Structure formats: C-alpha cells, structure tokens
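Each chain is listed here by its residues.
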Amino acid sequence: MAVRRQPSRADIRKQRMLAAINFPLDWLEERSGLVGAVRYFLFRKVPADTNWMQTLGSATLTAFIVQAVTGVILAMYYKPTPNDAYKSIQYITDELTLGWLVRGMHKWGASVFIILMFLHMGRVFLFGAYKYPRELNWIVGVLLLVMGMLEGFTGYLLPWDQTAYWASVVGINLNGTAPIAGPWLAQFLRGGQEITGDTLTRFYSLHMLIVPGGIAALIGLHLYLVIRLGVTSPPWSKEAAGMERADEPQHLRPGLTRPVPRGGGGSS
Amino acid sequence: MAAVKPRPVDERRAEFARYKKDVKERGKPFHPYAMFHDTVMSLVVVSVITGLAVIWKWTSWGPHHDGLHQGLLGPEYTDPADPGTTSFVPRPDWYFYFLFYLLRIFKWPNSVFLGTVGVPTIALILLIALPLYDVRRERRLSRRPVAVVGAVLTVLSMAVLTWKGATASEALASEVIADVPTWIKQEKLPQNAVPGAKLFAVAGCTACHTYLGTGSSNLGAPDLTAIGTRNLGIDFQIRHLKDPASVVPGSPMPKFASLGEKRLHDLALFLEASKGKR
Amino acid sequence: MSEQEPLPEPHLPPPTLWPIGFAVGIAVLLVGLIINPLWIATIGGAIALVFGLLWARDATADLRGRAIHVEPERAELRPAGTAEIGPPVTPHPEPGERFPRSKFLEGVTLGLGGVIGGIVTVPIAGFAVLPGFLHQKRHQVDLGPVGDFTEGQWYIATFMLDPSEGDVSRRTAFVRNNGSVQAKGGQVPSFTIISNRCAHLGCPVQANGPTGAILGMKDVIEKTKNGKVTLSPTLPAGFGCPCHGGQYDTEGNRTAGPPVRALDRYDFSIKNGHVLLLSTYSVAKVEGTGAQAKIHKYKLVGPGEHVDGIEQVFYPLNPPHH
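## Points about the overall build of chain C
A count of helical and extended segments in chain C gives four helices and 13 strands. In chain C, which comprises 322 residues, the share counted as buried stands at 39%. Across chain C, the fraction of contacts at a sequence separation of at least 24, relative to all contacts at a separation of at least 6, is 52%.

## Points about the domain arrangement of chain B
Domains assigned within chain B are domain 1 (38–78), domain 2 (90–168) and domain 3 (173–273). Computed over C-alpha atoms only, the centres of domain 2 of chain B and domain 3 of chain B are separated by 40 Å.

## Quick look at the packing of helix α3 (residues 56–75) of chain A against helix α9 (residues 197–229) of chain A
Residues and elements named next belong to chain A. One can describe the packing of α3 onto α9 by two numbers: an axis separation of 12 Å at closest approach and a directional angle of 150°. By the angle between their directions, the pair α3 and α9 is classed as roughly antiparallel. α9 is crossed by α3, and the crossing has left-handed handedness. Residues Leu61, Phe64 and Ala75 of α3 lie in contact with α9, whose contacting residues are Tyr204, Met208, Pro212, Ile215, Ile219 and Leu223. Looking at the contact of α3 with α9 residue by residue, the classes come out as nine nonpolar, no polar and no charged.

## Considering the sheet that holds strand β5 (residues 206–207) of chain C
Residue and element names in this part refer to chain C. The strand order across the open sheet formed by four strands is β5-β8-β9-β10, and the pairing between neighbours is antiparallel. Each having just a single partner strand, β5 and β10 (254–256) make up the two edges of the open sheet. In terms of strand pairing, strand β8 (residues 239–240) meets strand β9 (residues 247–248) through two bridges, oriented antiparallel. Of the residues in β9, the one forming a bridge with phenylalanine 239 is tyrosine 248.

## Regarding the interface of chain C and chain A
By a frequent convention, interface size equals the accessible area lost on bringing the separate parts together. Each partner contributes to the interface: chain C provides 29 residues, whereas chain A provides 25 residues. Together, the buried faces of chain C and chain A total about 2200 Å²; carbon and sulfur atoms form 59% of this surface. Of all residues in chain C, the largest losses of buried area upon contact with chain A belong to Phe133, Val168 and Leu201 of chain C, amounting jointly to 24% of the total for that side. Linking chain C to chain A there are one salt bridge. The residue arginine 171 of chain C makes a salt bridge to glutamate 194 of chain A at a minimum N-O spacing of 2.7 Å.

## Concerning the interface of chain A and chain B
With 88 residues of chain A at the contact, the number on the chain B side is 75 residues. Taken together, the two surfaces of chain A and chain B that pack against each other cover about 7800 Å², and 67% of this comes from carbon and sulfur. Per-residue buried area on chain A facing chain B is highest for Trp108, Tyr132 and Gln162 of chain A; these three make up 9% of the total on that side. Along the contact surface separating chain A from chain B lie one salt bridge. Between lysine 131 of chain A and aspartate 134 of chain B there is a salt bridge, with the nearest N and O atoms lying 3.2 Å from each other. The interface formed by chain A and chain B includes 29 residue pairs in polar contact (both at pLDDT 80 or more). Among the elements that line the side of chain A that touches chain B, the one with the most residues is helix α5 (residues 99–127) of chain A, at 18 residues. Its residues assigned to classes, the side of chain A that touches chain B shows 54 nonpolar, 19 polar and 15 charged. Of the strand pairs in this sheet, strand β1 (residues 45–46) of chain A and strand β1 (residues 28–29) of chain B are connected by two bridges, and their pairing is antiparallel.

Rules used in this analysis
- Residues numbered from 1 in each chain as written.
- Chains lettered and ligands numbered in written order.
- Predicted model: local features only at pLDDT ≥ 70, side-chain atom pairs only at ≥ 80, totals over all residues.
- Heavy atoms only, no water.
- Helix = DSSP H or I, 4+ residues; strand = E, 2+ residues; numbered from the N terminus.
- Buried < 20%, exposed > 50% of the residue type's maximum accessible area, 1.4 Å probe, protein only.
- Contact = heavy atoms within 4.5 Å.
- Domains from an automatic or database assignment.
- Axes fitted to C-alpha atoms, helices over the stretch in contact; angles between N-to-C directions.
- Parallel < 35°, antiparallel > 145°, perpendicular 65-115°, else oblique.
- Left-handed = near helix turned anticlockwise from the far one by under 90°.
- Nonpolar A, V, L, I, M, F, W, Y, C, P; charged D, E, K, R; others polar.
- Pairing = 2+ DSSP bridges.
- Buried area = accessible area lost by both parts, 1.4 Å probe.
- Salt bridge = Lys/Arg side-chain N within 4 Å of Asp/Glu carboxyl O.
- Polar contact = N/O pair within 3.5 Å; in protein donor to acceptor, adjacent residues only side chain to side chain.

Rendered as structure tokens:
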C-alpha cells in the first residue's frame with residue numbers, strides 16, 4: 001500500500017488555483033456543454049506525423065478572420081455612394097488614425113487569403129486528401145474558393161476609383177457574354193442597364209453581407225467535416241501507406257503499428 | 001467455403017475504420033502539437049499582412065502625400081472613377097490576371113465566349129467534380145502520374161498566364177507617347193523629326209506596327225524601326241500615308257489623309273529619319 | 001434502512017399580496033418627488049406606509065402565534081409506474097379513412113410553412129431582382145449648338161447622361177458633323193456619333209490620332225442643361241481599345257481583335273439648333289462612310305453579344321434597354 005505524504009502548502013495553493021480556474025468552466029459546461037465541445041476539439045487525436053504543410057488551412061482561416069475584422073472596422077467609416085465613396089477612402093487612408101493600417105491590411109489580406117486558398121488546395125490535392133471519405137469537404141472547399149474570389153471582385157469596386165470602376169465594368173460584361181442567361185445576369189449585377197450608384201450599393205451588400213455569410217457558413221461546415229473525418233497523414237507516411245494501398249495483397253498489408261514488411265512478413 | 005470478394009465501398013469503410021482506430025491509439029493530441037504549428041503559421045500570416053500594409057503606406061508616400069504617388073506596391077488609390085475617360089487602361093486585381101490574359105488569347109470574335117465563360121466554367125467543373133472521377137485509393141505521389149502531371153501543368157500555365165497578364169499592354173496613344181524621348185535618344189532623331197515622332201505615337205500606328213520594341217505586329221504590318229534605311233523618300237511616304245492601298249496594292253492600312261499636309265510631312269520626316277538603333 | 005433525521009422545518013414566509021401595494025406606493029412616492037413633492041409624494045408615502053404595515057403584519061403572523069397555512073412547495077410525487085394508459089388521443093384511422101388526423105396536421109404544417117416562406121421570400125427576391133429590369137430611364141443629352149461642330153472634324157464629346165446622378169453618368173462619344181444629306185423632305189443634318197464603349201467587354205475605347213497639345217487645337221466647353229459638355233478635337237484614323245487589343249475604323253467597324261460587332265451609336269436630333277443625343281443602339285456593321293453610310297442597326301445589347309450571324313442564337317432574349 002502506497003503511503004501518501006501530507007499535501008504541502010505549495011500543493012494546497014496549486015489545488016486552490018486549479019479549483020478557481022475550473023469553477024467557472026464547470027459552471028459553463030453544466031449549463032451548455034460548450035466547454036466539453038472545445039475540449040474535444042483541442043484534445044482530439046491527429047496522426048503523429050502531421051506536417052507543416054497542413055497548417056495552410058488554419059492559416060487561410062486566420063487570413064479570413066483578419067479580413068472580416070478589418071472589414072467590419074472599415075465599414076464604420078466607408079460610405080457606399082458614388083459621391084462619397086472615394087472621399088471616404090481618402091479620409092480613411094490619409095487622415096483617420098491608423099486608418100492606413102486597417103485599410104492596408106484589408107487590401108493585402110485579400111491577396112494573402114487568395115494565395116493561401118490556392119496553396120491549401122494544392123496541398124490537399126497533392127496529399128490526395130480529397131478522396132474517400134473527404135469528397136464532400138473538397139467540394140465545399142472549391143465553393144469556398146469561388147466565393148473568396150467573388151469577395152475580391154465585389155470588394156474591388158468599393159474604392160470607386162478608375163481601377164475599381166473599369167475592372168468592374170469588364171467583370172460584369174464578362175458575365176454578360178454567357179449564352180442565354182448572360183445579359184440577365186449582367187443586368188442583375190449592375191442593378192440596371194448602366195453602372196450607377198445602385199451598382200455600388202449592390203456590390204457593397206454582396207461584399208459585406210451575402211458572400212461573407214455564405215463563406216462563414218461553409219467554413220463552419222468545412223471545419224465540422226475536418227473534425228469528424230479526421231486529418232490525413234502525408235502520403236509518404238508509413239502509416240498512410242499501409243492503409244490505402246489497393247494493389248497490395250491482403251496478407252502483406254501491414255498494420256498501422258508496424259513498418260512495411262518485405263517478402264511475407266507477419267499478417268496484420 | 002468460397003471467399004466473397006468484398007465490395008470496394010466496404011473495403012474503404014473498413015480502411016477508414018482502421019485509420020480512425022490507429023489515430024485514436026497512436027495519434028497525438030491536436031493541442032498542443034498541431035496547434036503549435038498552426039499558431040506559428042498564423043503569426044506568420046498576420047505579420048505578412050501587416051508588413052505589406054506598412055510597406056504600402058511607406059512606399060506610396062510621395063512628396064505630395066496624396067496617395068497617388070506610385071511606389072513599390074502601387075498607389076494607395078488612383079484617380080476618381082471617370083466613366084467617360086479615353087486614356088485609362090483597365091486591369092483587374094492581380095489574381096484575375098490569368099483570366100484576363102485568356103481573353104487576349106481568344107481574339108477571334110466567335111471564340112470570345114470561350115475565353116469569358118467557356119474555359120473557366122469547364123475548369124471549375126473539373127475542379128469541383130475531382131473526387132467524383134478520381135476514385136483511386138492511391139495517395140502516394142509516385143503512383144499518381146496523371147494527378148502530378150495535371151497539377152504541374154495547371155500551376156505552370158496559371159503562373160505563365162498571370163505573368164503575361166501582368167506585363168500585357170496595348171500600344172495606345174495614352175501610353176506610347178511616353179516612349180518618344182527614348183526613341184529620340186536611341187535613333188538619334190534630328191529636331192525636325194520630333195513632331196512626327198509624337199504624331200506617330202498617338203495616331204495609332206503602333207496598333208499594327210512595331211517600333212523599337214513598342215507596339216504589336218498586326219495584319220502583316222512591317223517593323224518600322226529602320227524604315228528610313230530603305231530610302232523610300234518623303235514623297236512616297238506622304239502618298240502612302242494618304243492612301244496606302246493605292247501605293248501598296250491590297251494593303252489593309254487605313255487612310256491618314258485627314259491629318260493634313262503639314263502633319264503628313266512631319267510624319268514622313270520622322271519615318272525617313274528612322275535609320276535604326278544607333 | 002437507517003433512520004433518517006427529519007429535516008428541520010424551513011421558515012417559510014406566508015403567502016401575501018401586500019408587497020405589491022407597497023411597491024406601488026414607493027414608485028408613486030419617487031415620481032411625486034420629481035413632479036409634485038407636496039401632494040403626489042405624500043399620497044405615495046401614505047400608500048407605502050399602509051401596505052407596508054399590512055405586509056409586516058402578515059410576515060410576523062407566526063411570531064405572534066397565529067397558525068399559518070403554507071402550501072407545500074411540491075405536490076406529492078406519485079410512485080413511478082402507476083400512470084394509467086388510457087385510450088389513444090388520436091385513434092387509429094377507420095378502415096376506408098385515408099387521411100388520418102396526424103397526416104392532416106403534418107400536411108397543414110408544411111403547407112403553412114411553405115406559405116410563410118413564400119410570403120417572406122418572394123417579395124424580397126422580387127425586390128432584389130426586379131428593380132434592375134423595370135423602369136429603365138430614357139436619356140436625352142444636349143450636346144450644345146450645332147455651330148460648335150465644324151463640318152468634317154471629329155470631336156471627343158464628354159457629357160453626362162443624367163446630371164442628377166452626377167459623375168457616374170458621364171459618358172464619351174466620338175462625334176463628327178457630316179454636313180447635310182438629301183433625304184425625304186429635303187436636306188437633313190447628318191452626324192456620326194459613336195459610343196466609346198468597346199463592343200467586346202465595355203472598356204473605354206481611345207481615338208488613334210492626335211488630340212490636345214499635340215494636335216494644337218483648343219477644346220470647346222459648353223454648359224447645357226445636361227451640365228458641362230467638353231468637345232476635344234481629334235484626327236483619328238481609327239479607334240483602339242486598351243484592354244484586349246480591339247481595333248475599329250472611323251465608322252466603328254471592327255478591323256482587328258476580339259470585338260464581336262461594330263461600336264454602338266447614338267440616335268440624335270436637332271432641336272432649337274442644339275444637337276440632342278437620344279437612345280443608343282447596336283450596330284452589326286457599317287457600309288460606306290459619313291453621310292452616305294449604311295448602318296445595320298439593331299436594338300441595344302450588351303458588349304460581347306452578337307447581333308447578326310449564326311452566333312445570335314446564343315442571345316435570344318435581352319433585358320429591356322432604352
């Protein structure tokens with residue numbers, strides 16, 4: 001029988017501190033179950049050999065959060081009418097305290113977000129992580145890519161300078177060349193037969209509310225699927241190699257707990 | 001007892017169950033192992049974004065501090081929107097350059113819709129439906145030749161299209177005029193050829209002719225960098241400019257008679273003085 | 001089973017409604033202090049006092065020995081398993097009865113849900129989509145007196161389609177006065193008025209010719225009821241587009257590049273000696289030049305759309321334009 005020594009004063013202090021931290025968490029957990037959910041997310045198991053390349057997904061999420069936060073702040077000062085938009089951008093960039101930083105972060109964050117999405121997509125493609133059972137996640141991801149580029153397109157019009165106006169003219173007319181539905185789609189985007197202030201507010205609504213709402217919803221689905229289906233190991237991993245190889249005869253298929261045997265090793 | 005070959009879908013389900021079991025037994029907790037990697041990477045991302053914003057502010061800070069000064073990362077804003085402009089060159093944001101250049105490739109009018117909606121839509125469908133037609137279970141790169149080759153070709157072509165889109169330009173009046181001082185220096189043009197050089201730059205000649213690298217070759221128009229070495233003479237040049245088809249049968253070049261005698265003479269002087277790079 | 005000590009009787013206050021009156025009295029007192037300290041505050045204080053005393057009397061009843069009947073907090077719990085199972089609330093359908101009540105309720109719920117969804121979605125969707133297609137404005141632009149336009153001279157005219165909309169309605173057209181031409185009724189003026197929006201994707205087309213300082217001719221600036229109109233003389237040999245390399249001749253016909261048809265033109269009329277721009281129309285091609293030009297006119301369509309040839313089947317129906 002082990003002899004338990006008396007708890008020292010340091011132990012008692014530590015116990016009290018832990019109790020103080022755990023008390024609000026337990027209060028919240030009992031009434032909502034959320035703490036348990038967060039704990040599940042944080043301490044779930046991932047393959048032991050996950051790679052640095054697999055941080056691109058969360059990096060993309062970070063970039064999106066930067067965009068969302070800077071965007072919301074910019075919306076406090078930006079005025080979406082043809083007469084005021086350019087002046088408000090000038091005001092934000094030149095005069096408001098730290099306005100140049102928030103606007104700069106939003107503009108360059110957009111490019112970083114899109115680059116990271118492409119890199120993440122490339123990584124998933126090369127890892128073969130779109131195969132069973134993660135097909136739905138890939139489809140959701142491509143939809144996120146399309147919506148991300150749509151965000152970039154609608155946001156580009158908002159400064160209402162020459163670059164913004166003409167890029168949007170061409171972009172809208174590009175849609176207009178689609179057979180049959182094209183002209184109607186272009187007119188819907190424009191909000192009329194010409195680009196007017198209605199076009200600007202329409203793009204603002206798309207950029208601020210509709211597309212980010214869609215992106216947020218799809219990100220939620222994307223993350224849920226990642227947690228549910230698990231993270232893949234790199235394709236060169238000893239673990240993964242043992243799993244998905246369809247051409248290897250059954251008796252040579254190694255277990256995940258031992259390396260690849262050569263020439264008839266132990267059965268799994 | 002005859003063994004029934006398991007269906008592929010059952011095999012996959014079994015494999016996935018094995019994967020789940022293995023990860024549960026031998027995997028590492030997300031926090032702190034993978035979470036640490038993610039946090040470091042996120043820090044890098046935020047630093048890059050902030051760094052770019054700071055560099056943009058510093059490098060676009062011209063002597064006027066009005067935001068219109070061009071810098072390493074471009075101006076903070078260009079001129080206000082002018083729907084009636086005749087000198088602006090529209091371009092999309094850089095990540096659309098590959099689509100932009102695609103439009104310059106599909107020059108035949110009947111193929112326009114291929115460049116605008118045809119090719120991008122097909123590419124998008126191929127991308128979305130990827131897991132539905134690539135059903136092989138193999139994930140190792142060395143055994144996925146089609147996937148690897150496809151990926152390399154896609155990345156290369158998008159990179160090339162993006163770069164070409166970034167460097168594309170039309171030789172139009174509003175831009176070519178800036179090349180005239182270089183022409184004067186490189187061709188050592190005499191003073192009386194300068195008005196003709198300016199006219200040449202803005203009259204749209206570079207839409208079909210090339211000159212010292214500026215312009216594009218269209219409809220078989222010759223390069224005019226050294227047209228003066230052919231010693232065609234001022235009179236010939238003026239007659240040709242007034243009505244090209246009467247001097248060179250079958251020429252698609254438009255008539256420039258409306259420029260008037262004085263300007264035609266200036267142009268002829270310029271052409272005759274263009275003896276190539278010296 | 002060990003003997004359990006009976007729990008001590010909790011001290012429960014008796015049920016009483018006097019606190020309500022007390023609260024009302026306090027409220028009236030406070031309001032009265034603001035509005036009318038003399039009367040309303042006094043009344044409020046009196047009410048509070050009376051009800052407060054009644055409340056205190058109730059609350060101390062058990063201390064004074066009066067028996068209090070307090071309802072127990074919880075009703076007696078019945079032991080489990082003693083619930084009676086009676087006949088079902090919704091009886092099984094009789095033979096021959098095809099729509100039992102539960103199915104009816106289900107159907108009505110879904111149907112009502114659909115109606116509610118429709119009431120919310122349809123007007124919203126209609127509002128999002130329809131205004132872009134209905135009530136499109138016609139515009140009429142006053143370009144200034146006919147005398148400003150020297151015969152045979154091209155001008156780059158910049159004007160506003162709708163001054164009330166401001167700069168966003170600014171447009172540019174290439175205008176040439178062709179003099180007059182013989183038509184039914186006598187001599188009628190002839191103008192070539194070409195829109196500067198490329199027929200490929202709408203980029204701003206430039207004139208291939210000298211303008212401004214290189215040309216050495218001054219701009220004409222007019223103030224009409226459409227705001228400021230600027231006329232810049234130019235000598236184009238054609239028009240070119242900076243985006244994807246489209247080229248046009250001086251009648252707007254496409255000569256090179258991806259544009260699918262000729263440049264759009266404006267209808268015009270001369271009223272009180274002023275040139276008025278009317279609606280825009282699309283052009284397939286133009287044969288001939290100047291006043292003798294034969295223009296193949298079509299209703300206005302967007303850039304990139306074919307108006308003739310076999311490719312027009314791709315664009316069978318266009319939203320209304322003016």
